[in-house]
Structures are given as structure tokens and as C-alpha cells.
Amino acid sequence: METLVEFLNIETEMVEEVEYDLQETLEELGIEIEYSMKDVLEKLSSDGDWEYINSSLIEVIYQTAKRLVLEKFPEAEIEYVVAGYCSSFEILNIDELEIED
């Protein structure tokens, strides 16, 4: 029997790997990523694409991270690319941010 995750072709390992890599970057900034069901569903409803659900989930992760970083560091310059296992999230001026130890 095929599970719903298999049917929808959701690659949980890929999404989790992207999120774990992102968490390492956010930890350097003292930021913990948090989600609310309302925010996630709103982002998926407006920007999500069921044909590319894995990319949509990564997009939600990166949008949430970007919002959290900019709340704490409004001067942060952020770029991200959603491309499966090759997805990346970068804070271009991380060395210039005043990070508390």
C-alpha cells in the first residue's frame, strides 16, 4: 500500500536536510525557527504548488527563516535558492551583523 507521502511524492529526507542545514546558520545568529500552522498554510495556499510540493515546503522554510532573521537583523541581506537538494540560504553580510554571544 502506498502512503500519502509516497503518493504525493514528498521527499521528507530532502526537506529535512535543507531545514537542518538552515538551522545551523540560524543558530549562529541566536535564532530558532518556529512555525505556526496558520502561517504555513497561508504560504502554501498563496505560493504552494502541489506538482512541486517539495520545493513549496522548502520555500515556506526559507520564507519563515528570512522573516525571523530580518526581525532580529533588519540590515541583513538574504538570498536563497530553492532547488531540491541543492537549495541554499545565505546571509550575504553575516560578518557585518552584530551578533550577541
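Keep in mind that this is a model prediction, so the values were computed, not measured.

1. Observations regarding the packing of helix α3 (residues 37-47) against helix α4 (residues 53-72)
- The geometry of α3 relative to α4 is characterised by a closest axis approach of 10 Å and an angle of 125° between their N-to-C directions. In terms of orientation, α3 and α4 fall into the oblique class. Judged by the sense of rotation from one axis to the other, the crossing of α3 with α4 is right-handed. In this structure, α3 contributes D39, V40, K43, L44 and D47 to the contact, and α4 contributes S56, L57, V60, Q63, T64 and R67.

2. Remarks on the pattern of salt bridges
- Tallied over the entire structure, the rule returns one salt bridge.
- Its salt-bridge partner being R67, residue E71 comes within 3.1 Å of it at the nearest N-O pair. Of this pair, E71 and R67 both sit in helix α4, separated by four residues, roughly a single helical turn.
- Taking the relative accessible area as the measure of exposure, E71 reaches 53% and is therefore exposed.

3. Topic: the pairing of strand β2 (residues 88-91)
- On β2, burial follows the alternation: F89 and I91 on one face are buried, whereas S88 and E90 on the facing-out side are not.
- Connecting strand β1 (residues 78-81) to the antiparallel partner β2 that follows it, the hairpin turn spans six residues, and G84 within it adopts a positive phi of roughly 60°.

4. A word on the environment of L70
- One can find L70 in helix α4.
- Remark: the alpha-carbon pair of L70 and V82, spanning twelve residues in sequence, is separated by 19 Å.
- If sequence neighbours within four positions are ignored, L70 has contacts with A76 and I78.

5. Quick notes on empty space enclosed by the protein
- Taken as a whole and judged by the stated rule, the model has one cavity of 30 Å³ or more.
- Volume-wise, the largest cavity comes out at about 30 Å³.
- K43, D47, G48, S56, E59, V60 and Q63 together form the lining of the largest cavity.
- Per-element tally for the lining of the largest cavity: the top contributor is α4, with four residues.
- Residues belonging to the lining of the largest cavity are distributed by class as follows: one nonpolar, three polar and three charged.

Rules behind the numbers
- Residues numbered from 1 in each chain as written.
- Predicted model: local features only at pLDDT ≥ 70, side-chain atom pairs only at ≥ 80, totals over all residues.
- Heavy atoms only, no water.
- Axes fitted to C-alpha atoms, helices over the stretch in contact; angles between N-to-C directions.
- Helix = DSSP H or I, 4+ residues; strand = E, 2+ residues; numbered from the N terminus.
- Parallel < 35°, antiparallel > 145°, perpendicular 65-115°, else oblique.
- Left-handed = near helix turned anticlockwise from the far one by under 90°.
- Contact = heavy atoms within 4.5 Å.
- Salt bridge = Lys/Arg side-chain N within 4 Å of Asp/Glu carboxyl O.
- Buried < 20%, exposed > 50% of the residue type's maximum accessible area, 1.4 Å probe, protein only.
- Pairing = 2+ DSSP bridges.
- 1 Å grid on protein atoms, 1.4 Å probe; cavity = no way out; pocket = protein on both sides within 12 Å on 5 of 7 lines; lining within 4 Å.
- Points joined across faces, edges and corners; volume = space filled by probe spheres on them.
- Nonpolar A, V, L, I, M, F, W, Y, C, P; charged D, E, K, R; others polar.

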